[in-house]
Amino acid sequence: MATVSLGDSGLVIGLALVLAAAATAKLARPAAAGEPLTRALGGLELVIAVLALVVATRLGAGLEALMFAGFTVAHARAWSSGAGDCGCFGEESARAGPSAVVLTGASACLAATAALTAPPSLLRIAEEGPARAVLVTILAVLGAAAWRWGFRSARSRSRQSRLTTASERLVN
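Within every chain, residues take consecutive numbers counted from 1 along the sequence as written. With pLDDT at 70 or above as the cut-off, local features in this predicted model cover only qualifying residues; side-chain atom pairs require 80 or more to be listed or tallied, and sums for whole chains, interfaces and linings still use all residues. To get the side-chain values, take all heavy atoms of the structure and skip hydrogens and water.

Trainee: For the overall build of the protein chain, give the residues involved together with the corresponding values.
Mentor: Secondary structure elements follow DSSP: runs of H or I no shorter than four residues count as helices, runs of E no shorter than two count as strands, and numbering proceeds from the N terminus. Summing up its helical and strand segments, the protein chain has six helices and zero strands in all. Secondary structure elements of the protein chain occur, N-terminal to C-terminal, as α-α-α-α-α-α. Per-residue accessibility, obtained with a 1.4 Å probe over protein chains only, is compared with the maximum for each type, and a residue is labelled buried under 20%, exposed over 50%, and partly exposed between these values. Across the 172 residues in the protein chain, those meeting the buried criterion constitute 40%. Reported accessibility uses the Shrake-Rupley method at a 1.4 Å probe radius. Residues are deemed covered only where the shown protein chains occlude them. Summing over all exposed atoms, the protein chain offers an accessible surface of approximately 9,000 Å²; the carbon and sulfur share of this is 70%.

Below you can see the structure in the form of structure tokens.
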């Protein structure tokens, strides 16, 4: 098994973990029960995450690419319209901004690239060597945590920027 395909597998697994975290946050939110679109999106994220982790990694990576491309468009539209609210990770205060557009866009591109290499699924890696599967999983978890941190810190910078702009308007 080539190192490149293991790296691509780690990327696909990491993005699957991001989708799984977003899905469970949306589905666990009590307000989501009354929001069919939010529940449907959470369910779709969860299905794609499971496919990417367990079944066919090429299919999973392709679906991840489509999902993150959709997120990129949604963030860009929300940001350009001034609405800003994206509801990501089930948080009503989540805001779309340029960093979210770049992060989700880069994720879509990386997932599409991984889909072209047809990396092995986590189950296949485990069959060929459990130690490799553990290593890939650890790296994927760290990557997913870094992704989430990047998204969260981008949101904090966006919020700080809005506060600064609002306070400048008050002073002027």
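Trainee: Quick rundown of the packing of helix 2 (residues 36-54) against helix 3 (residues 57-81)? Include the residues and the values.
Mentor: Here the axes come from fitting lines to C-alpha atoms, over the contacting stretch only for helices, and the angles between their N-to-C directions go from 0 to 180 degrees. Packing of helix 2 against helix 3 brings their axes to within 8 Å, and their N-to-C directions diverge by 150°. Relative to helix 3, the element helix 2 lies roughly antiparallel. Here helix 2 and helix 3 pass one another in a crossing that is left-handed. Where helix 2 abuts helix 3, its residues Leu41, Leu44, Glu45, Ile48, Leu51 and Ala52 lie against Thr57, Leu59, Gly60, Leu63, Glu64, Met67 and Phe71. Across the contact of helix 2 with helix 3, the residue classes tally to nine nonpolar, two polar and two charged. Angular relationships are summarised with four words: roughly parallel below 35 degrees, roughly antiparallel beyond 145, roughly perpendicular across 65 to 115, and oblique for the angles in between. Working rule for handedness: look at the near helix, and if it is turned counterclockwise from the far one by less than a right angle, call the crossing left-handed; if clockwise, right-handed. Note on contacts: a residue pair qualifies if any of its non-hydrogen atoms lie within 4.5 Å across the two residues. Gly is placed with the polar residues, together with every amino acid not listed as nonpolar (Ala, Val, Leu, Ile, Met, Phe, Trp, Tyr, Cys and Pro) or charged (Asp, Glu, Lys and Arg).

Trainee: Summarise helix 3; cite the residues concerned and give the values.
Mentor: The terminal C-alpha atoms of helix 3, which comprises 25 residues, lie 35 Å apart, in line with the 36 Å expected from a rise of 1.5 Å per residue. Once helix 3 ends, the next one or two residues include Gly82, with phi positive near 85°. Each helix should span, by expectation, one fewer than its residue count multiplied by 1.5 Å.

Trainee: Describe the environment of Cys88, and please don't skip the residues or the numbers.
Mentor: Looking at the secondary structure, you find Cys88 in the loop between helix 3 and helix 4 (98-117). Residues Cys88 and Lys26, 62 residues apart in the sequence, show an inter-C-alpha distance of 8.0 Å.

Trainee: Could you give an account of the packing of helix 3 against helix 4, naming the residues involved and the relevant values?
Mentor: Axis separation between helix 3 and helix 4 bottoms out at 7 Å; the angle between their running directions is 160°. Taken together, helix 3 and helix 4 sit at an angle that is classed as roughly antiparallel. When you trace helix 3 past helix 4, the crossing you get is left-handed.

Trainee: Any chance you could break down the packing of aromatic side chains for me, citing the residues and the numbers?
Mentor: Two aromatic rings, drawn from Phe, Tyr or Trp (for Trp, its six-membered ring), form a pair once their centres lie within 6.5 Å of each other, and the interplanar angle then sorts them: stacked below 30 degrees, edge-to-face above 60, tilted otherwise. Considering all chains together, one arrives at two aromatic pairs under this definition. Aromatic side chains Phe68 and Phe71 sit 5.7 Å apart centroid to centroid with 90° between the ring planes, which places their arrangement in the edge-to-face category. Here Phe68 pairs with Phe71, and both are found in helix 3, just three residues apart, close to one helical turn. An identical accessibility class is assigned to Phe68 and Phe71; each is buried. Ring geometry for Phe68 against Trp147: centres 5.9 Å apart, planes inclined by 65°, an arrangement best described as edge-to-face. Residue Phe68 is located in helix 3, and its partner Trp147 is located in helix 6 (residues 130-171); the two are separated by 79 residues in the primary sequence. The residues Phe68 and Trp147 share a single accessibility class, namely buried. Here a set of aromatic residues connected by ring pairs shows up, and it is made of Phe68, Phe71 and Trp147.

Trainee: A description of the confidence of the model for the protein chain should follow, citing residues and the corresponding values.
Mentor: Low pLDDT marks stretches whose predicted atomic positions should not be read closely. Confidence of the predictor at the level of single residues is given by pLDDT, which spans 0 to 100. Scored by pLDDT, the protein chain comes out at a mean of 80, with 76% of its residues at no less than 70. Here residues 166-170 is modelled with pLDDT under 50, and outside its nearest four sequence neighbours on either side it reaches zero contacts, counting other chains as well.

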